[in-house]
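Next come the chains, spelled out residue by residue.
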Amino acid sequence: EAAAEAEVRLLLQEARESIEAARSYRRELQQRLRGLHQAREQIKDSATLTRDVLEQHFSDLKGTLKKLLDERLMSLLQEVDVIEQESIKPLDECQKLIEHGVSTADDLLREGESAVDGDVGQQNEKLCNFTKKALHIQLDSLPEVPSLVDVPCLSAQLDDCLLTILKNQIFRHGTVASRPPVQLEEFVEKPGGILVRWCKVDDDFIPQDYRLQYRKSTASHFEDVYVGSETEFIVLHIDPNVDYQFRVCARGDGRQEWSPWSVPQIGRTTLVPHEWTAGLEGYSLSSRRNIALRNDSQSCGVLYSKAPTYFCGQTLTFRQTVGQPDRRDSLGVCVEQRNDDDSLQRDKAVCISTNGAVFVNGKEMTNQLPAVTSGSTVTFDMEVVQLGPCSNEGGNFKLRVTISSNNREVVFDWVLDQCCGSLYFGCSFSYPGWKVLVF
């Protein structure tokens, strides 16, 4: 009996496992069905959109061609009118001259016949007057009438090769692609931004430039955010926890037209944007408070972040426009804010000076980086390497820090006496003109 119960329990367990496996199998199949449905919808939607684009394009093309042909026809007809008018004008003048001569000759004939047939008593006087008048008219002078070979004979020269050229161009105009040559590859969350990466998926396509666009999912229109030759770009001014749609296309080498757009994909960031603290007299901030400008104020101090928003495992990036350097200048991160300091070259902070010197807890390292230049970026990357127990009361805590600038980097361990889940960032400049963007 015990053996039978055990067998029943075993069968029940196997049945439950089979049921769970069947449920999992059904979920997978349903997920694949949804994937097939999405693929089918994408094909249908893209085909419908492509048809609309083709029909609209060729409709516009036909309208433009008709307009151009009508304008050309009107221009040629006007040219015919001008030639006709200019050519007939001298003929009209010659005709008037001949008609006047005919009228004069008719009058002279009537007068001559009257003189010849008149009374004998008045005949001598009439004949004398008629003879003088005939000599005055110069009956041997005739106007010149141009021969037919000397007057214009209008014709139209129409080259039939235009139709051949147009036919060849039209037959080659436009292509239909089954997939775009580039696709979005990866989204990496950044504080107040998203790093977007894309890649070429058509081996035969040689890209010259890429074009990245984005929009909020609630917006109706995409907008350009990057055009260039790179295959990644950090899109800033992204609201946290909001979906954005991205798409990318490319322009082939030596071509003017852009390729079809990639399949739009959704990216988002959950990280709040980095912001500088407002109100420090020596610095002016942008509207989003992610750009700080060292102004002309004589006040000197460290400008800190609004909150400890830098977490280990992230990349903190500074991009700057340079001013006059000073050895006490600093860009870096720290455990806490100290309003009485004039530089981050102090304990519980790591930083780089504008001349490239690296400071850890106020001590200058042997290794140096290149001096900070205008438009260059300085990045901080940190990962936790914990030594011993960590508690709120304190303990050994080590961060492995990588600072990069101008394609050079230094790596070192930063030992702290307390756990730090997040850090402040800061900067200090002695002279005006420095501008720092943080992201």
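Quantities reported herein were computed from a predicted structural model and do not represent experimental measurements.

Section: the side chain of Q213
(1) Moving on: Along the chain, Q213 falls in strand 3 (residues 207-216).
(2) Moving on: Given a relative accessible area of 5%, Q213 falls into the buried group.
(3) Moving on: At a separation of 2.7 Å, a polar atom in the side chain of Q213 contacts the side chain of D224.
(4) Moving on: Among the polar contacts made by the side chain of Q213, one reaches the side chain of R247 at a distance of 2.9 Å.
(5) Moving on: When neighbours within four sequence positions are excluded, Q213 is seen to be in contact with F222, E223, D224, V225, Q245, F246, R247 and W261.

A look at the domain arrangement of the chain
Put simply, an interface is often sized by how much accessible area is lost when its parts join up.
(1) Moving on: Taken as a whole, the chain is organised into domain 1 (1-172), domain 2 (182-269) and domain 3 (283-438).
(2) Moving on: One C-alpha centre belongs to domain 1, the other to domain 3, and the line joining them spans 70 Å.

Looking at the environment of P240
(1) Moving on: On the secondary structure map, P240 appears in the loop between strand 5 (232-236) and strand 6 (244-252).
(2) Moving on: As for P240 and K62, which are separated by 178 residues in sequence, their C-alpha atoms are 47 Å apart.
(3) Moving on: Dropping the residues within four chain positions of it, P240 is found in contact with T269, L271, V272 and P273.

Notes on the packing of aromatic side chains
(1) Moving on: One pass over the full model with this rule turns up 11 aromatic pairs.
(2) Moving on: Relative to Y244, the ring of Y214 has its centre 5.9 Å away and its plane inclined at 20 degrees; by these criteria the two rings are stacked. With Y214 in strand 3 and Y244 in strand 6, this residue pair connects regions lying 30 residues apart in the sequence.
(3) Moving on: Y244 gets classed as buried once you look at its relative accessible area, which sits at 3%.
(4) Moving on: Among the aromatic residues, those joined into a ring-pair cluster are F187, Y214, Y244 and F246.
(5) Moving on: The aromatic ring of W261 is capped on one face by R247, whose charged end is 4.2 Å from the ring centroid.
(6) Moving on: Looking at R294, its charged tip hangs above the ring of Y283, at a distance of 5.5 Å from the centre.

Examining the pairing of strand 16 (residues 377-386)
(1) Moving on: Pairing of strand 11 (residues 315-321) with strand 16, which is carried by 5 bridges, proceeds in the antiparallel orientation. Its bridge partner lying in strand 16, F318 is registered against V378.
(2) Moving on: Where strand 16 lies against strand 17 (residues 397-405), 9 bridges are found, and the strand directions are antiparallel. Considered in strand 17, the bridge of V378 is made with S405.

About the cut-offs
Residues numbered from 1 in each chain as written. Predicted model: local features only at pLDDT ≥ 70, side-chain atom pairs only at ≥ 80, totals over all residues. Heavy atoms only, no water. Helix = DSSP H or I, 4+ residues; strand = E, 2+ residues; numbered from the N terminus. Buried < 20%, exposed > 50% of the residue type's maximum accessible area, 1.4 Å probe, protein only. Polar contact = N/O pair within 3.5 Å; in protein donor to acceptor, adjacent residues only side chain to side chain. Contact = heavy atoms within 4.5 Å. Domains from an automatic or database assignment. Phe/Tyr/Trp six-rings, centres within 6.5 Å; stacked < 30°, edge-to-face > 60°. Lys NZ or Arg CZ within 6 Å of the ring centre and 35° of its normal. Pairing = 2+ DSSP bridges.

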